[in-house]
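# Structural overview for review
Chain by chain, the residues run as shown.
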Amino acid sequence: MAASFVTLFQWRLNSMLLQENEILFGVKDQIELLISKLDAAGSFTGDLGMILGKESCHGSWASEFRGILRQAENFVDDFIIRAYGQTEKDRKDSIAEFGKELQNINSRVLEILNRRPRVETPLMLEDIQLFLRSNFVYDEEKETDLVSCMLNYINLPYDLKLSLLFCRVFLGRYGGSRDGVVPVLVAAGLIQEKPGELMEDKAHENIDKLISLGMIEEPEGHWDSFKVPSPYFELSLGVMKAEDFFISTANSDSMVPPRARHVSFHDADNTIPNTNSFLHSLFFSAKDGLSEASSDCLRNVLHNAKLLRVLDFKNTQLKSLPDEVGKLVHLRYLGVTHSKLNELPESISNLRNLQTLDISWSGYEFELSNGVLNLAQLRHLKMCRPMNDNEVRVPQGISRLRNLQTLEGIYAGGGIAKELGVMTQLRSLEVSCVSDDHADELYFSVMKLFMLRKLSLTVERERRRGSYKYENSLFPCLESFSPPPLLQTLELNGRLIEMPLWLGSMENLTKLQMCYSHLSENPTTILQFLPNLKELAMWHAYKGKRMEKEFFRAGGFPNLEYLEIASHVLVEWTEMEEGALPSLKSLCFLDCLRLMVLPEGLQHVATLQILRLHAQEDLIRRLSPNGGPENYKIKHIPLVTYIGHTLTSGFNQWRKSRTE
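These numbers come from a predicted model, not from an experiment.

### Concerning the overall build of the protein chain
Counting its regular elements, the protein chain contains 17 helices and 22 strands. Counting the 660 residues in the protein chain, one finds 55% classified as buried. For the protein chain, contacts bridging at least 24 residues in sequence account for 57% of all contacts bridging at least 6. Taken as a whole, the protein chain presents about 29200 Å² of accessible surface, with 49% of it coming from carbon and sulfur.

Dropping the structure here:
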């Protein structure tokens, strides 16, 4: 049965019974009775009238039905909050009172279901046209496309509708990563929890469905990035009110409606507006960081919004979080990225339902306290740093977090490397400052992680003249390493003496990033026969001045779609065999300021859609469509962009119509 508003509510109640079994045990039967009664609603959606703003008998009934279910959810949430701070005697009294209220809710739900209208008002094309014309500037040529997109949205299952809206809110105009939004969908309660299944896998499936429908797109030439395209980006604004979403952008109204449950402030000024007490999700990104006075505002917001499940702050430059964050017992997702945090409040240990903690790009000297070990439900711990920045030290005992799937940005010394070996549930691991004193133990532990899909290793750097350098920062003992069999993404950041032979046996590898390897040998000799490699980044991986035809031979890299090359020393790529790179879509040269020649044979890569160049002006001139003698190599590519290395050249772009 397709997910509806009702089934989503049932999922959430079932999830509460699992997570709060001790607190809700005394009223478990009544909650299960409510869940079973809602089965009578079937595949009811009841959102058509609310989406289009159309009044009808069915719409009024649907609004009333939604209202009682949301009241019931808020009532359960409030009870859980009260129960956390109560004595055993007080909790017994609260359970008795709560049980009576649940009986009333059950009776009201049954009464409303008995009044359900027999037939829902059929959808009329005129209703959709009226909705579109009231929300968009009328354009006869575009209206047909808008109507089609609106019908696609209306016909989505309810969980996919909300998934699209959360993607729109979280990703904003410029998009973001799939791995970033998946934990948000899980935390928001959009994924049914089933024994033996990972909710994250289902969230990925939902995103794939939205991509297949054209409601989310993966921009060409951008790794692990997607966004909500037009016209769905604009349409989503028109339908958000029906689902109690509210978005405020720079120079727009920041007054939060009293019924809003999911609120987003994008590119906000340096203050946090007041919100309501029904808030379930708060997304906030600041244009220029938050003012010092905003700390008090944040404290008030968190004090009032006790029902929060998702709290995401970007670019706030916050130096601290108030203790009130530890009182958000329903919080599943906490993101504070691009901040100046150096520590978390001790109250963070109270967040027993927290699934995701993302403190990436925070303060320079960050060390997690032992309080994080109390976060038994934690699934994703993200602490990424810039490549020339410090690692995050986690407390011993981190292996107690048995639900952890993602662990990023950690230092593995001090006994942590050994602990990693028992964290067999990990799917993504990022380790910084790998050094001789713990490398052997780290590699041995990683080889035990059979569920691992993504691995990033960054070597400890040598500091010289005020900056970090990789020339003498050698990966220790890497030849003794053997990757887990299911690994799909691998990042190696640091110098290599030679290419590890085990790279050639990674049949499941789809993404490889090699940074500052400074190899003398051709790195593609081993890589070109990987059957599933789709994305390859070689950033200062090869220190030679020439690339010749043996780098990319016919039949090599059969499924490679994205190739990025960065080099301060590369002068020419002389030739590539016809039939090489048969699937390539995007080719990018970064910081290749000495590059003078693109390869003969590039003109035969018919699949190439994007070429990005950061190279010499002389090369740009020779490739120019305005009489450039080497333009024949790239004239078949629909989009070519370049950035010259002098200020006078600036940024230029050649775009060709695909129909030429």
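### Section: the side chain of Glu561
Here Glu561 lies in the loop between β16 (546–547) and β17 (562–566). Non-local contacts of Glu561, meaning those with residues more than four positions away in its chain, are made with Lys534, Ser583, Leu584, Lys585 and Ser586.

### Concerning a negative patch on the surface
A cluster of acidic residues, Asp436, Asp437, Asp440, Glu441 and Glu460, forms a negative patch on the protein surface. Note that Asp437 resides in the loop between β9 (428–434) and α15 (439–446). What makes Asp437 exposed here is its relative accessible area of 60%.

### Regarding the side chain of Ser163
Looking at the element boundaries, Ser163 is found in helix α9 (residues 158–171). Judged by its relative accessible area of 1%, Ser163 is buried. Those residues in contact with Ser163 that sit more than four places away from it in its chain are Leu185, Leu190, Asn206 and Leu210.

### Describing the pattern of salt bridges
According to the stated counting rule, one finds 24 salt bridges in the structure shown. For Glu577, the salt bridge goes to Arg553, with nearest N and O atoms at 2.5 Å. Note that Glu577 is positioned in the loop between β18 (572–573) and β19 (586–590) and Arg553 in the loop between β16 and β17, a separation of 24 residues in sequence. In this structure, a network of salt bridges that share partners links the residues Arg12, Glu73, Asp77, Arg261 and Arg309.

### Quick look at the pairing of strand β20 (residues 610–613)
With four bridges joining them, β19 and β20 adopt parallel strand pairing. Considered in β20, the bridge of Phe589 is made with Leu613. The parallel pair β20 and strand β21 (residues 639–643) is bridged by helix α17 (residues 617–623), and the resulting crossover is right-handed.

### Observations regarding the pairing of strand β10 (residues 454–459)
When a strand is regular, its side chains alternate between the sheet's two faces. A large share of β10 lies buried, amounting to five of its six residues. When β9 meets β10, the two strands line up parallel, connected through five bridges. When the bridges of β10 are listed, Ser428 appears paired with Lys454. The β-α-β motif built from β9, the intervening α15 and the parallel element β10 has right-handed crossover chirality. The pairing of β10 with strand β13 (residues 489–493) spans five bridges and is parallel. Pairing of Leu455 across the sheet is with Leu490, part of β13.

### Topic: the confidence of the model for the protein chain
Summarising the model, the protein chain shows a mean pLDDT of 85, and 88% of its residues fall at 70 or more. Mean pLDDT across the secondary structure elements of the protein chain bottoms out at strand β22 (residues 651–655), with 47, and peaks at strand β6 (residues 356–358), with 97. For residues 644–652, every residue scores under 50 in pLDDT, and the model assigns this stretch 18 contacts once sequence neighbours within four places are set aside. Contacts for the low-pLDDT stretch residues 655–660, under 50 throughout, to residues beyond four places or in other chains number 10 contacts.

### Some thoughts on helix α12 (residues 232–239)
Counting buried residues along α12, six of its eight residues qualify, which places the element largely inside the surrounding structure. Every buried residue of α12 is accounted for by Tyr232, Phe233, Leu235, Ser236, Gly238 and Val239.

### Some thoughts on the packing of aromatic side chains
If you walk through the whole model with that rule in mind, you get 15 aromatic pairs. With centroids separated by 5.5 Å and ring planes inclined at 40°, the aromatic side chains of Phe552 and Phe557 adopt a geometry described as tilted. For the pair formed by Phe552 and Phe557, the shared burial category is buried. Every member of this aromatic cluster is reached through a ring pair, and the members are Phe166, Phe170, Phe245 and Phe283. Seen from the ring of Phe170, Lys314 lies directly overhead, with NZ or CZ sitting 4.0 Å from the centre.

Calculation notes
- Residues numbered from 1 in each chain as written.
- Predicted model: local features only at pLDDT ≥ 70, side-chain atom pairs only at ≥ 80, totals over all residues.
- Heavy atoms only, no water.
- Helix = DSSP H or I, 4+ residues; strand = E, 2+ residues; numbered from the N terminus.
- Buried < 20%, exposed > 50% of the residue type's maximum accessible area, 1.4 Å probe, protein only.
- Contact = heavy atoms within 4.5 Å.
- Areas by Shrake-Rupley, 256 points an atom, 1.4 Å probe, with all protein chains shown as cover.
- Patch = residues over 30% accessible without salt bridge, like charges linked within 9 Å, V, L, I, M, F, W, Y side chains within 5 Å.
- Salt bridge = Lys/Arg side-chain N within 4 Å of Asp/Glu carboxyl O.
- Lys, Arg positive; Asp, Glu negative; His and termini not counted.
- Charge placed at Lys NZ, Arg CZ, Asp CG, Glu CD.
- Pairing = 2+ DSSP bridges.
- Right-handed = clockwise from strand over helix to strand, strands pointing away.
- pLDDT = per-residue confidence, 0-100.
- Phe/Tyr/Trp six-rings, centres within 6.5 Å; stacked < 30°, edge-to-face > 60°.
- Lys NZ or Arg CZ within 6 Å of the ring centre and 35° of its normal.

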